[in-house]
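A structural walkthrough
Spelled out, the chains give:
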Amino acid sequence: MSFPLSNLTGAIALFAVLFAGCSKISPEEAVSKGQQALANGRYEEAATYLKTASKAYPENAAVFYNLGMANLLANHNRAAESAFQRAIELEKDPENTAAYQGLGEARRKRGNFEGASAAYRVAIQRSFRKPDLLAGLAACEMGAGIIGSACNYLNEALELDPNNPVALYNDAILHSRPASEYFDQTRAAKHFWEFLGSTVANENPEQREIAIRKLAELNQNRSPELQDQIDNFVMISYDNPPRIRAQRLAEAIKMDYSNYELWEIFISALEAAKLTPEAIESVRRKCAIRFPGNPAFQKTVP
């Protein structure tokens, strides 16, 4: 089960909701309805039921953790922070760091980046250096303006899991700001593209919308130097047979995934090379997701 990524200053953190032990807790109705509401995205309702359950069972860490998640996703961040702190006090398994992660996110959303970083560091110290935790800590560092540190954590997260959507998104955000010394068009476009491929349409809609918009902005603001490099690759590719040309264009795309015109040329090259309709349609479908509204990617391969 996955839940929406939270967004603050462009950075995100990702959580899995744990229901450990809840099925054995009474009153059953409050717990079961709270679980169901939380699972179905009715966070206000979930918070109400789980608050009732927490009063009946003030010594159960799982109830307070779930209450924290419901409040966090309902943007009741102060209440979420309180619930996560209580879950931490009650948790008997030192390796279960989920509540520290939740506490870090609640604090980050409230603008307490120092406190958020502290919670994430505890979670990292008590467990393996998980990509989600490293990416969440990077988000806190980004919020605090400690960009060099954020870069290091994101690099480590992506080394551990190159397809981690949290790390991909945060890294793309960090490197997509033209005024920053960390601006990197190629890296930002690639990671926005891969983030959109690692999540589905009905998950994380806010971040997906931002990623699509950022790809468009990167395409519009490409530097003349990078455009010249891409143009040279395209011109040289015309001297090759269709399959080799498609390979050369694929290399050009790696310079800037945001260049929708280059993707159009690439698809034409695939068609000339007589690749299977399924392979061509797969590329076109990916482009249609990332460049919505572009008629060139709406066509269905016969």
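Residues numbered from 1 in each chain as written. Predicted model: local features only at pLDDT ≥ 70, side-chain atom pairs only at ≥ 80, totals over all residues. Heavy atoms only, no water.

Here we come to the confidence of the model for the chain. Overall, the prediction assigns the chain a mean pLDDT of 88, with 90% of residues at 70 or greater. Confidence, expressed as mean pLDDT per element, reaches its minimum in the chain at helix α1 (residues 28–39) with 86 and its maximum at helix α8 (residues 147–160) with 97. Throughout residues 1–25 the model reports pLDDT below 50, and contacts reaching past four residues in sequence, or to other chains, amount to 91 contacts. (pLDDT = per-residue confidence, 0-100. Helix = DSSP H or I, 4+ residues; strand = E, 2+ residues; numbered from the N terminus. Contact = heavy atoms within 4.5 Å.)

On to the environment of serine 32, then. Along the chain, the position of serine 32 falls in helix α1. Between the C-alpha atom of serine 32 and that of alanine 46, which follows or precedes it by 14 residues, the distance is 9.6 Å. A polar atom in the side chain of serine 32 sits 3.2 Å from the backbone oxygen of glutamate 29. (Polar contact = N/O pair within 3.5 Å; in protein donor to acceptor, adjacent residues only side chain to side chain.)

Let us look at unusual backbone geometry. Positive phi, close to 65°, is recorded for asparagine 75, a residue that is not glycine. Tracing the backbone through its elements, the reader meets asparagine 75 in the loop between α3 (61–73) and α4 (77–90). Positive phi values are uncommon outside glycine, yet lysine 274 reaches one of about 60°. Among the structural elements, lysine 274 can be located in the loop between α14 (260–272) and α15 (277–290).

Between two packed helices, both the angle of their axes relative to each other and the distance between the axes serve to describe the pair. With their axes 9 Å apart at the nearest point, α4 and helix α5 (residues 98–109) run at an angle of 155° to one another. Relative to α5, α4 is oriented roughly antiparallel. Crossing hand, α4 versus α5: left-handed. Between α4 and α5, the contacting residues are Asn77, Ala80, Glu81, Phe84, Gln85, Ala87 and Ile88 on the first element and Ala99, Tyr100, Gly102, Leu103, Ala106, Arg107 and Lys109 on the second. Looking at the contact of α4 with α5, its residues break down into 8 nonpolar, 3 polar and 3 charged. (Axes fitted to C-alpha atoms, helices over the stretch in contact; angles between N-to-C directions. Parallel < 35°, antiparallel > 145°, perpendicular 65-115°, else oblique. Left-handed = near helix turned anticlockwise from the far one by under 90°. Nonpolar A, V, L, I, M, F, W, Y, C, P; charged D, E, K, R; others polar.)

Counting residues in hydrophobic clusters, the biggest one holds 57 residues, and the most contacted among them are Phe192, Trp263, Phe266 and Cys287. The contact partners of phenylalanine 192, leaving out residues within four places of it in the chain, are Tyr169, Ala172, Ile173, Ser176, Ala211, Lys214, Leu215 and Leu218. Core analysis: the second largest hydrophobic core is formed by 25 residues, Ala61, Leu72, Ala80 and Ala106 among them. (Core = buried A, V, L, I, M, F, W, Y, C linked by side-chain atoms within 4.5 Å. Buried < 20%, exposed > 50% of the residue type's maximum accessible area, 1.4 Å probe, protein only.)

In this section: the side chain of serine 117. By the element assignment, serine 117 lies in helix α6 (residues 113–126). Using a relative accessible area of 4% as the deciding quantity, one classes serine 117 as buried. Apart from the residues within four sequence positions on either side, serine 117 is in contact with Leu137, Cys140 and Glu141.

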